[in-house]
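One-letter residues, chain by chain:
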Amino acid sequence: METTGIVRRRTAERLRDALGRLATERDVWVSTAHPDHGPHQVPLWFLWDGSAAWLCTGAASATARNVREEPRVHLSLPDTFDVLLLQGEAECFPDQEVPEGAAAAFAEKFGWDPRSEDGSFVYVRVVPRTVRAWRGEPELRGRVIMRDGIWLE
């Protein structure tokens, strides 16, 4: 692994950078598991509302099915050099029962409102309990920036 030039960030810098990425990035890898069907991973669009990630998927999808059975999920942004991993609890909201603010913000960000589609969709809200952020080996130490749902200073 190439680590030349990496300057180890303090926790406050990692937190600032992580929140910036959560606010601006579009895609997240969603990892779920089902007791009978095993693990499942899929990329989805996401919206960060300041305290949770909102995703949307088909109501009959493996992701929705898994979250209903096992709400613990992992989310990861796609950059393998600037790693950001979230672990948390997910909750499903049928497309006609999602909080209006979340649905409107999702539609504004992506130019697509699943509530207007013919098929059934669910919004998945993921509240992180643990967040890890690092850039290369020099930042492995201190990579936890949220523990037990509390951002570290």
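See above for the structure.
Computed from a predicted model, the values in this text were never measured in an experiment.

1. Focus: empty space enclosed by the protein
Where empty space is left can be seen by rolling a probe of water-molecule size over the atoms.
Then comes step 1: Across all of its chains, the model carries one cavity of 30 Å³ or more by this definition.
Then comes step 2: Space inside the largest cavity adds up to approximately 40 Å³.
Then comes step 3: If you go around the largest cavity, the residues you meet are Arg9, Arg14, Asp17, Ala18, Arg21, Asp82, Val83, Leu84 and Ala133.
Then comes step 4: Of the residues that constitute the lining of the largest cavity, the class distribution is four nonpolar, no polar and five charged.

2. Considering the nonpolar core
Then comes step 1: Core analysis: the biggest nonpolar cluster contains 24 residues, and Phe46, Leu55, Leu75 and Leu84 have the highest contact counts within it.
Then comes step 2: In terms of residue count, strand β6 (residues 121–135) provides more of this core than any other element does, five residues in total.
Then comes step 3: Once residues lying within four places of it in the same chain are set aside, the contact partners of leucine 75 are Val28, Trp29, Val30, Ala53, Leu55, Leu84, Leu85, Leu86 and Val126.
Then comes step 4: Listed in part, the eleven residues of the second largest apolar core include Leu47, Phe106, Phe121 and Tyr123.

3. Here's the deal with the pattern of salt bridges
When charged atoms on two side chains of opposite charge get close, those side chains can pair.
Then comes step 1: This model, assessed by the stated rule, comprises twelve salt bridges.
Then comes step 2: Two residues, glutamate 139 and arginine 14, come together in a salt bridge whose shortest N-O distance is 3.9 Å. Highlighted residues: glutamate 139 in the loop between β6 and β7 (144–147) and arginine 14 in helix α1 (residues 11–24), separated in sequence by 125 residues. Taken individually, glutamate 139 and arginine 14 each receive the classification buried, so the pair is uniform in this respect.
Then comes step 3: A salt bridge links arginine 72 to glutamate 70, with the shortest nitrogen-to-oxygen separation between them at 2.9 Å.
Then comes step 4: A relative accessible area of 54% means that arginine 72 is categorised as exposed.
Then comes step 5: Where salt bridges share partners, they join Arg9, Arg14, Arg16, Asp17, Arg21, Glu25, Asp82, Arg135 and Glu139 into one cluster.

4. Overview of unusual backbone geometry
Then comes step 1: Even without glycine at this site, aspartate 148 takes up a positive phi of about 55 degrees.
Then comes step 2: Within the secondary structure layout, aspartate 148 lies in the loop between β7 and β8 (150–151).

5. Quick look at the packing of aromatic side chains
Then comes step 1: Summed over all chains, the structure comprises seven aromatic pairs.
Then comes step 2: Between tryptophan 45 and phenylalanine 110, the ring centres sit 4.6 Å apart and the planes meet at 5 degrees, which makes this aromatic pair stacked. Here tryptophan 45 is found in strand β2 (residues 38–48), whereas its partner phenylalanine 110 is found in helix α3 (residues 100–110), with 65 residues between them in sequence.
Then comes step 3: Taken together, the aromatic side chains of Trp45, Phe106, Phe110, Trp112, Phe121 and Tyr123 make up a single cluster linked through ring pairs.
Then comes step 4: Stacked on the ring of phenylalanine 46, the Lys or Arg lysine 109 has its end atom at 5.0 Å from the ring centre.
Then comes step 5: Sitting over the face of the ring of tryptophan 134, arginine 143 holds its NZ or CZ atom 5.7 Å from the ring centroid.

Thresholds applied
- Residues numbered from 1 in each chain as written.
- Predicted model: local features only at pLDDT ≥ 70, side-chain atom pairs only at ≥ 80, totals over all residues.
- Heavy atoms only, no water.
- 1 Å grid on protein atoms, 1.4 Å probe; cavity = no way out; pocket = protein on both sides within 12 Å on 5 of 7 lines; lining within 4 Å.
- Points joined across faces, edges and corners; volume = space filled by probe spheres on them.
- Nonpolar A, V, L, I, M, F, W, Y, C, P; charged D, E, K, R; others polar.
- Core = buried A, V, L, I, M, F, W, Y, C linked by side-chain atoms within 4.5 Å.
- Buried < 20%, exposed > 50% of the residue type's maximum accessible area, 1.4 Å probe, protein only.
- Helix = DSSP H or I, 4+ residues; strand = E, 2+ residues; numbered from the N terminus.
- Contact = heavy atoms within 4.5 Å.
- Salt bridge = Lys/Arg side-chain N within 4 Å of Asp/Glu carboxyl O.
- Phe/Tyr/Trp six-rings, centres within 6.5 Å; stacked < 30°, edge-to-face > 60°.
- Lys NZ or Arg CZ within 6 Å of the ring centre and 35° of its normal.

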